[in-house]
Amino acid sequence: MPDIAKEKKAKQYEEYVKQVTPTHNLPLNMLKAFLTGGAICTLGQVILHIGKNAGLDRESAGAWCSMLLILLSVLLTGLNLYSKIGKFGGAGALVPITGFANSVAASAIEYQTEGQVFGIGCKIFTIAGPVILYGILSAWALGVIYYFLQILGVIAI
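First things first, this report covers the structure right here in the doc. Values in this document were obtained by computation on a predicted structure and should not be read as measured data.

1. Quick look at the overall build of the protein
Point 1. Secondary structure summary: the protein contains 8 helices and 0 strands in total.
Point 2. Along the protein, helices (α) and strands (β) appear in the sequence α-α-α-α-α-α-α-α when read from the amino end.
Point 3. Against the globule reference of 15 Å for 157 residues, the protein gives a C-alpha radius of gyration of 23 Å, more extended than a compact globule.
Point 4. Counting only C-alpha atoms and orienting by the principal axes, one finds that the protein spans roughly 80 × 50 × 40 Å.
Point 5. In the protein, which comprises 157 residues, the proportion classed as buried is 21%.
Point 6. Of the roughly 11,900 Å² of accessible surface on the protein, a fraction of 70% belongs to carbon and sulfur atoms.
Point 7. For the protein, the distance from the average position of its 11 positive side-chain charges to the average position of its 8 negative side-chain charges is 6 Å.

2. Section: the packing of helix H3 (residues 58-78) against helix H6 (residues 97-110)
Point 1. H6 packs onto H3 with a crossing angle of 40° between their chain directions and a minimal axis gap of 8 Å. By the angle between their directions, the pair H3 and H6 is classed as oblique. H3 and H6 meet at a crossing whose hand is right-handed. For the pair formed by H3 and H6, the contact residues are Ser 66, Leu 69, Ile 70, Ser 73, Val 74, Thr 77 and Gly 78 on the first element and Ile 97, Thr 98, Ala 101, Asn 102, Ala 105, Ala 106 and Ile 109 on the second.
Point 2. When the residues that make up the contact of H3 with H6 are grouped by side-chain class, the tally is 8 nonpolar, 6 polar and no charged.

3. Digging into the side chain of Thr 98
Point 1. The residue Thr 98 is located in helix H6 in this model.
Point 2. At 2.8 Å, the side chain of Thr 98 forms a polar contact with the side chain of Tyr 82.

4. Observations concerning the packing of aromatic side chains
Point 1. On inspection of all chains with the given rule, the structure shows 1 aromatic pair.
Point 2. Taking the centre distance of 5.6 Å and the plane angle of 65° together, the rings of Tyr 147 and Phe 148 count as edge-to-face.

5. Some points on the packing of H6 against helix H8 (residues 128-151)
Point 1. Close contact between H6 and H8 brings their axes to 9 Å; oriented N to C, the two are set at 130°. As far as their axial angle goes, H8 and H6 are oblique. Between H6 and H8, the contacting residues are Phe 100, Ser 103 and Val 104 on the first element and Ala 128, Val 131 and Ile 132 on the second.

6. Quick look at the environment of Ile 50
Point 1. Position of Ile 50 relative to the elements: it lies in helix H2 (residues 26-53).
Point 2. According to the relative accessible area criterion, Ile 50 is exposed, its value standing at 54%.
Point 3. Between the alpha carbons of Ile 50 and Ala 61 there is a distance of 8.2 Å; along the sequence they are 11 residues apart.

What counts as what
- Numbers given to residues run from 1 along each chain, matching the order in which its sequence is written.
- In view of the model being predicted, local features appear only for residues whose pLDDT reaches at least 70, and side-chain atom pairs are presented and counted only at 80 or more, with totals across whole chains, interfaces and linings using the full set of residues.
- The side-chain numbers reported here are obtained from all heavy atoms of the structure, hydrogens and water having been left aside.
- A run of H or I in DSSP becomes a helix once it reaches four residues, and a run of E becomes a strand once it reaches two; helices and strands are each numbered from the N terminus.
- The atom set for the radius of gyration is the C-alpha atoms, and the globule formula is 2.2 Å times the number of residues raised to the power 0.38.
- When accessible area is computed with a 1.4 Å probe and restricted to protein chains, residues below 20% of their type maximum are described as buried, those above 50% as exposed, and intermediate ones as partly exposed.
- In these tables, accessible area is a Shrake-Rupley quantity obtained with a 1.4 Å probe, and a residue counts as shielded only by the protein chains included in the view.
- Charged-residue counts in this description rest on Lys and Arg as positive and Asp and Glu as negative, His and the chain ends being excluded.
- We put the charge of a Lys on NZ, of an Arg on CZ, of an Asp on CG and of a Glu on CD.
- With axes taken as lines fitted to C-alpha atoms, and helix axes fitted only over the stretch in contact, angles between N-to-C directions fall between 0 and 180 degrees.
- By definition in this entry, angles of less than 35 degrees are roughly parallel, angles greater than 145 are roughly antiparallel, angles of 65 to 115 are roughly perpendicular, and the rest are oblique.
- Definitions for this section: a left-handed crossing has its near helix turned counterclockwise from the far helix by less than a right angle. A right-handed crossing has that turn clockwise.
- We call two residues in contact whenever any of their non-hydrogen atoms come within 4.5 Å of each other.
- Residues are grouped as follows: nonpolar covers Ala, Val, Leu, Ile, Met, Phe, Trp, Tyr, Cys and Pro; charged covers Asp, Glu, Lys and Arg; every other residue, Gly included, is treated as polar.
- Pairs of N or O atoms are called polar contacts if they sit within 3.5 Å, as long as, within protein, a hydrogen donor faces a hydrogen acceptor (for residues adjacent in sequence, only side-chain-to-side-chain pairs).
- Aromatic rings from Phe, Tyr and Trp, taking only the six-membered ring of Trp, are treated as a pair when their centres fall within 6.5 Å; an angle between ring planes under 30 degrees marks them as stacked, one over 60 as edge-to-face, and anything in between as tilted.

Okay, here's the thing in structure tokens:
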């Protein structure tokens, strides 16, 4: 008798899990990510063209493009709009430089009530910290590999 009760509870639990587990439409999510990321990149390309048409060289136009995209991301985060873009676009909003700026700004906004030092100062890189750490570490490792490949003559200087 106890086995039947356990089986019934297990079946009820499985049905409950099926009800509360969100279903995802992979093609639709991919399309949303593509459109969101594409829109961000298109905006960046427009900024680059405006910069070049204003007489900036390629590097300066690129720097202005990065700064303006970061500024826009921080402003949208402060207005609580970037989270809605991220919810819609998924990785399309999180992967570009705007997503990185959003993660830093969101942490700063969230922990500002704890003060400048123990709030913002300690928690601002909670999300972005691992990205910075592993970005620097992987860049260093690739630099070492590149250096040794040059010494071995695999890569021409």
